[in-house]
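In case you want the letters, here they are:
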Amino acid sequence: MMLSKFVVMDLETTGVSPAEGDQIIQIAYVVIDNGEKIKSFSSFISGAAYIPDFVQQLTGISLEDLEGAPAFEDVVPEVLTDLSNACFVAHNADFDLPFLNEALEEAGYTSFEGPVADTVELSRIFFPSEDSFRLGELSASLGISHDNPHQADSDAEAAADLWLRIHNKLQQLPAAALKHLLSLSTSWKSDMYPIVAEAYETASGADEAESETETYRGIAVRKPAKAPRRNRTEPVQLKEVLATFQQQETMEAIFPGYIYRSGQADMMTFTDTIFSENETGLAEAGTGTGKTLAYLIPAAVHAWNNKERIVISTETIQLQEQILKKEIPLLEKLLPFRPKTALLKGRHHYACLQKVERLLENQLHESYETMLARSQLLIWLTETTTGDLEELNLAAASQLFMKEIASDPESCSSPDCPWFSRDYYQRAKQQAREADLVITNHALLLTDIAHDTQVIPAYRKAVIDEAHHLSEAASRQFGISLEYADMARLLNEFAGRDRDQKGLLERALEHLPAQLSRLTTAFEDAKQEYHDTFLMMYQYLSHGAGTSESGGRARTVHMDRRWAQVQDTAARFRAVMQDILDEWVFLQQEASEKDLPKLTAFFQELEDKLHLVEKLILQQQDGYVYWLEKSAKGPKQSITVYSSPTEVDHLLADRFFRKKKSVLLTSATMTVDKSFAYMIDELGLEDFEIRTLQVASPFRWKEQAAILIPEDMPHIKDDGEELYIEALVETVYRLSSVTKGKMMVLFTSYDMLRRAYRLLQPMLDESYLLIGQGVQSKSRTKLVKMFQQFDRSILFGTSSFWEGVDIPGDDLSVLVMARLPFPPPGDPVFQAKADKLKESGGSPFMKLSLPKAVLRFKQGFGRLIRNEKDSGLIVVMDRRIITARYGRKFLKSLPEDVAVYEESIYDLESRAEVWFRKELQE
């Protein structure tokens, strides 16, 4: 029977477990028949004796709302009538349906056993690029009205609109996509097979001529967007653009809420000078300056006037997305021409359609998450014009699945590939060749330099945004690494059996049983030797390991007796692997033609990984530091071995800066004690003529922020870490009662974060939500969303939270720095630099540790005030900022008019109360 009737339901409950006595307090649903809403029902449900505080806060429902409401048994007849011959739909049906059925059985009725559809699952499939699949965020993104999230009536209406969007999108899909989805839909939790089948039958005869998609080799893909033609105009004068920025009415129409900033205009002029005079410039632009537009506009004008390409490089994906989605559209409104822009990433960021075709040919049933990811992929291919895998929010965060579809040097690398003309990576490179502005990242920029790959088309001028990351990025890109799983995966896949239920080697060489047996045995030996090598490295790591920044263990490699034992084991592994590779040279002529391409690619990857083993373990070079890291969790052998040049400044100077006509390096944090000296030294620019600019933040710091320093905090060195953490937690607890949460605490180590979390958690009542990085999740995005969604939330973060996190407005009121952010002493690259400085008579602390800590301190400070309306308090728990001689460098790095108060914890709590009382009055 074809489904045409759907009941979209939502329940609000006192908890998550009806078995433990939790009850329904509100029920709502929308009846949809033949694509039309025909009925809405909503009612509070009486009977609950208690509603937990966090449920009241989340839903806004109190016991008073339930007074006079019907009991659940009273509404059951109407509910069951509407559910008759219908499909049950809910946003997270795994919660709502069991709860409903439990209540039905308790009331003496039978459970609902009809078809079920879950809009969480279906949203993942049909909107695969959404950032979040929570109902509130999906509604906001898709333009669905949702006035009262977490109230059943509003949730049911929003879920019903979402269901209609999903259903309509399904009807519009091309037949080729629906054909693949039909077979995959049997793996979904939602009973969608008949609905997909109906859509497929309807779509089968559709004409693609007017469609935005095309079907090629049985796969539906989005047609590439046609680049708009542009008629070249006369050269543009930057001073005319700057004049527009002073016309408030004109700018307000383009940029609502626009405020003229003289510092932004200064930076535009500075950037123009750097490009016009072929110079190297460093520009520190304080928070709120409008830095991105300040370099994009002169860069676009210069590229247009001089018909030359300018590369814009960032460290983070977030900034790339901001430039593309926010700044470039503004740029096009502000300029009298439309600059051509292109985003270019490393090859592995793009989907390979040749790999996708092979994947879809394999019809084997795999895990639920993998089948869901395949379904998402099919929908995404009909939408994406870039093929950038960052657009995909996969149901399974599967590195293996991503690797199966990501472009690599062996996939679609020549016109012989049938997908070459449609290849996303080739298309991205072509667009970059035609662009005025090429937006890329430090990783690709530096990989191009390190390996001379020339992926980025030739350029002589560049802007390096987030420039304080360039040195660290260079250390990564000029270095190499090998994770245990990298080669273990290859050895396991081909020594054993792959997903065809028959080993690839076995299938390709089954007509050569003796050779196959010899090769299989060799693979088993290789697996054992490789495993033993990493177990030996674990033993090496166990002696004298420090804590890595991620909370795991790390140790620098030294040429001693223990490391010699690691090398002996690795040498045995290399010998076995060399025998395998030599054997393959003779056997490849005998392999079946069908399997030869995949086998060739496999053995090439195997050889590449073997070269890494040789370079990292057996052939270590002077001028490089080698170290091991192990995550806090996982088996003993889950180790990564790294190598990096001790110094990258001369590499950057010789292989980048000297080869460019002009480079602008910019960031919100580049100076220490008002000086660029540290950054110039770090980047190898001492011998260059440098032009510098400091643009102060336009914020009213005296009114918007204040720094509080507890004078009675213990000293870790004198009083011990345990007492320090107890005092830290007590202060956070006191302040949270004043601010009602809305607090972020920045740590310099995961260990201190976890210990503070364990202490604070039992002190808070259930109306507070304590969120810890690495506790609930490691994803910064997920943690920030949790923090913003709950009114009384406290977020503990480390490493990545010191910068790059935007929480504007009232969501964040207090920023606490648990410690001054000095680099961890166990960091191998840092230690190697420190040792080199000592040898030359320099001070590692003054030349290295302190400048790095000051820059990180400034980055942390910048998390609190993100716009002209933000305000709040920064609490620095580390008294060294006042008591140590070097402490003034931290305070002098901040805006001069920020008030600083050094008082007892009790007095600071009172000051905070006064501050927030003033904020409420304003």
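Below you will find a few notes about this structure. (Residues numbered from 1 in each chain as written. Predicted model: local features only at pLDDT ≥ 70, side-chain atom pairs only at ≥ 80, totals over all residues. Heavy atoms only, no water.)

What follows deals with the packing of helix α5 (residues 119–126) against helix α16 (residues 368–381). Angle between the axes and distance between the axes are the two parameters that describe a pair of packed helices. Across the interface, α5 lies against α16 with an axial gap of 7 Å and an inter-helix angle of 50°. The pairing of α5 with α16 is recorded here as oblique in orientation. Contacts between α5 and α16 pair Glu121, Arg124, Ile125 and Phe126 from the former with Tyr368, Leu372, Ser375, Gln376 and Ile379 from the latter. Its residues assigned to classes, the contact of α5 with α16 comprises five nonpolar, two polar and two charged. (Axes fitted to C-alpha atoms, helices over the stretch in contact; angles between N-to-C directions. Helix = DSSP H or I, 4+ residues; strand = E, 2+ residues; numbered from the N terminus. Parallel < 35°, antiparallel > 145°, perpendicular 65-115°, else oblique. Contact = heavy atoms within 4.5 Å. Nonpolar A, V, L, I, M, F, W, Y, C, P; charged D, E, K, R; others polar.)

Our next topic: unusual backbone geometry. Glycine aside, negative phi is the norm for most residues, and most peptide bonds take the trans geometry. You will see that Asn278, though not glycine, has its phi angle at about 55°, which is positive. Topologically, Asn278 is positioned in the loop between α12 (262–276) and β8 (280–285). In the Ramachandran plot, Lys674 falls in the positive-phi region, its phi being about 65° despite a non-glycine side chain. Within the secondary structure, Lys674 sits in the loop between β18 (662–667) and α27 (677–682). Given the relative accessible area of 40%, Lys674 is considered partly exposed. (Buried < 20%, exposed > 50% of the residue type's maximum accessible area, 1.4 Å probe, protein only.)

On the surface, Glu73, Asp74, Glu102, Glu105, Glu106 and Glu113 cluster together to form a negatively charged patch. Those elements giving two or more residues to the negative patch turn out to be α3 (72–83) and α4 (93–106). The greatest single-element share of the negative patch, amounting to three residues, is contributed by α4. By the element assignment, Glu73 lies in helix α3. Relative accessible area serves as the criterion here: at 45%, Glu73 is assigned to the partly exposed category. (Patch = residues over 30% accessible without salt bridge, like charges linked within 9 Å, V, L, I, M, F, W, Y side chains within 5 Å. Areas by Shrake-Rupley, 256 points an atom, 1.4 Å probe, with all protein chains shown as cover. Salt bridge = Lys/Arg side-chain N within 4 Å of Asp/Glu carboxyl O. Lys, Arg positive; Asp, Glu negative; His and termini not counted. Charge placed at Lys NZ, Arg CZ, Asp CG, Glu CD.)

With respect to topology, seven strands assemble into an open sheet ordered β22-β23-β21-β24-β25-β20-β26, the strand pairing being parallel. Both edges of this open sheet fall to β22 (769–772) and β26 (899–903), since each of them pairs with a single strand only. The average undirected angle you get between the axes of adjacent strands in this sheet is 20°. Note: strand β20 (residues 705–710) against β26, five bridges, orientation parallel. Counted as the bridge partner of Ile709 is Glu902 from β26. In this fold helix α32 (residues 780–789) packs onto β21 (743–747), β22 and β23 (793–798), with an angle of close to 165° to the strand it touches most, β22. The strands touched by helix α34 (residues 844–861) within the sheet are β20, β21, β24 (814–817) and β25 (872–876), with β24 carrying the most contacts at an inclination of about 160°. (Pairing = 2+ DSSP bridges.)

A few words now on the sheet that holds β8. Here we have seven strands laid out as an open sheet, ordered β10-β11-β9-β12-β18-β8-β19, and parallel in their pairing. Single-partner strands in this sheet number two, and they are β10 (341–343) and β19 (690–695). Geometrically, the sheet is characterised by an average inter-axis angle of 15° between neighbouring strands, direction not taken into account.

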